[in-house]
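Residues per chain are reported as follows:
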Amino acid sequence: MHYLGRATGMDCDCEDMHMCEMIAQGVEDLRALTAKVFYDPNFTLKSRDEYVTTKLPQWLGYFERLAPPLGKVKGFFVSERLTWVDFLMFDQLDSQIEFGRLDLIPKATKFDVLSEFPKLRTFYNHMATRPAIAQYLKSNQRVAYTLRFMPKDV
């Protein structure tokens with residue numbers, strides 16, 4: 001991601017590098033935590049529900065404190081401009097929203113994972129309405145959300 005940031009002019013400024021690294025590492029820690037549930041061969045809706053209602057809110061709370069203030073015109077995580085960290089965070093939030101909804105299993109409880117996190121919801125919506133991202137989200141090129149293992153309790 002660092003290379004892509006530098007190559008596209010979206011790298012973090014030197015004075016923001018520590019914040020970029022902290023957020024990026026936090027995103028990766030959350031991704032690893034999700035993977036423990038998501039890739040478990042004994043995956044169940046119960047384990048997913050427990051993750052979504054206990055562990056995920058804790059991590060989203062951490063990110064909520066770091067998120068851009070509400071009402072900020074350019075609501076980016078690290079600086080006044082778009083950086084690779086914003087894409088990393090958007091991707092993670094998008095994955096968590098899909099995991100919370102789990103539309104591919106009608107029996108699954110639907111969770112609005114951002115309901116208690118207004119700054120994250122605002123950031124997500126801000127990113128999702130960027131023209132290229134909005135086009136991608138509506139396109140056939142978007143990779144469909146799938147599960148590695150179907151829940152054992154379906």
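The rules behind these values
- Residues numbered from 1 in each chain as written.
- Predicted model: local features only at pLDDT ≥ 70, side-chain atom pairs only at ≥ 80, totals over all residues.
- Heavy atoms only, no water.
- Helix = DSSP H or I, 4+ residues; strand = E, 2+ residues; numbered from the N terminus.
- Rg over C-alpha atoms; globule rule 2.2 N^0.38 Å.
- Buried < 20%, exposed > 50% of the residue type's maximum accessible area, 1.4 Å probe, protein only.
- Contact = heavy atoms within 4.5 Å.
- Areas by Shrake-Rupley, 256 points an atom, 1.4 Å probe, with all protein chains shown as cover.
- Salt bridge = Lys/Arg side-chain N within 4 Å of Asp/Glu carboxyl O.
- Axes fitted to C-alpha atoms, helices over the stretch in contact; angles between N-to-C directions.
- Parallel < 35°, antiparallel > 145°, perpendicular 65-115°, else oblique.
- Left-handed = near helix turned anticlockwise from the far one by under 90°.

Draft legend 1. How the structure looks around the overall build of the protein. In terms of regular secondary structure, the protein is built from 6 helices and 0 strands. Written out in order from the N terminus, the α and β elements of the protein read α-α-α-α-α-α. For the protein, the C-alpha radius of gyration of 16 Å lies close to 15 Å, the compact-globule estimate for 154 residues. The principal-axis extent of the C-alpha atoms belonging to the protein is close to 50 × 35 × 30 Å. Expressed as a percentage of its 154 residues, the buried residues of the protein come to 42%. Summarising the internal contacts of the protein: among those between residues at least 6 apart in sequence, 76% fall at separations of at least 24. For the protein, the accessible surface area stands at approximately 8800 Å², while carbon and sulfur atoms represent 57% of it.

Draft legend 2. Structural detail: the side chain of Asp94. If you trace the backbone, Asp94 turns up in helix 4 (residues 84-101). Assessed through its relative accessible area of 11%, Asp94 is described here as buried. Discounting residues that sit within four places of it in the chain, Asp94 has contacts with Tyr124 and Arg142.

Draft legend 3. Representation of the pattern of salt bridges in the model. By the definition in use, this model includes 8 salt bridges. With its nearest N and O atoms 3.3 Å apart, the salt bridge here joins Asp103 to Arg101. Take Arg101: its relative accessible area is 31%, and that puts it in the partly exposed class. For Asp112, the salt bridge identified is with Arg121, shortest N-O distance 2.6 Å. Residue classification places Arg121 among the partly exposed residues on the basis of a relative accessible area of 29%.

Draft legend 4. Highlighting the packing of helix 2 (residues 17-38) against helix 4. At a minimum axis separation of 10 Å, helix 2 and helix 4 run at an interaxial angle of 25°. Classified by the interaxial angle, the pair formed by helix 2 and helix 4 is roughly parallel. Classified by chirality, the crossing of helix 4 by helix 2 is left-handed. Residues Cys20, Glu21, Ile23, Ala24, Val27, Glu28, Leu30, Arg31, Thr34, Val37 and Phe38 of helix 2 form the contact with helix 4, whose own contacting residues are Trp84, Val85, Leu88, Met89, Asp91, Gln92, Gln96 and Phe99.

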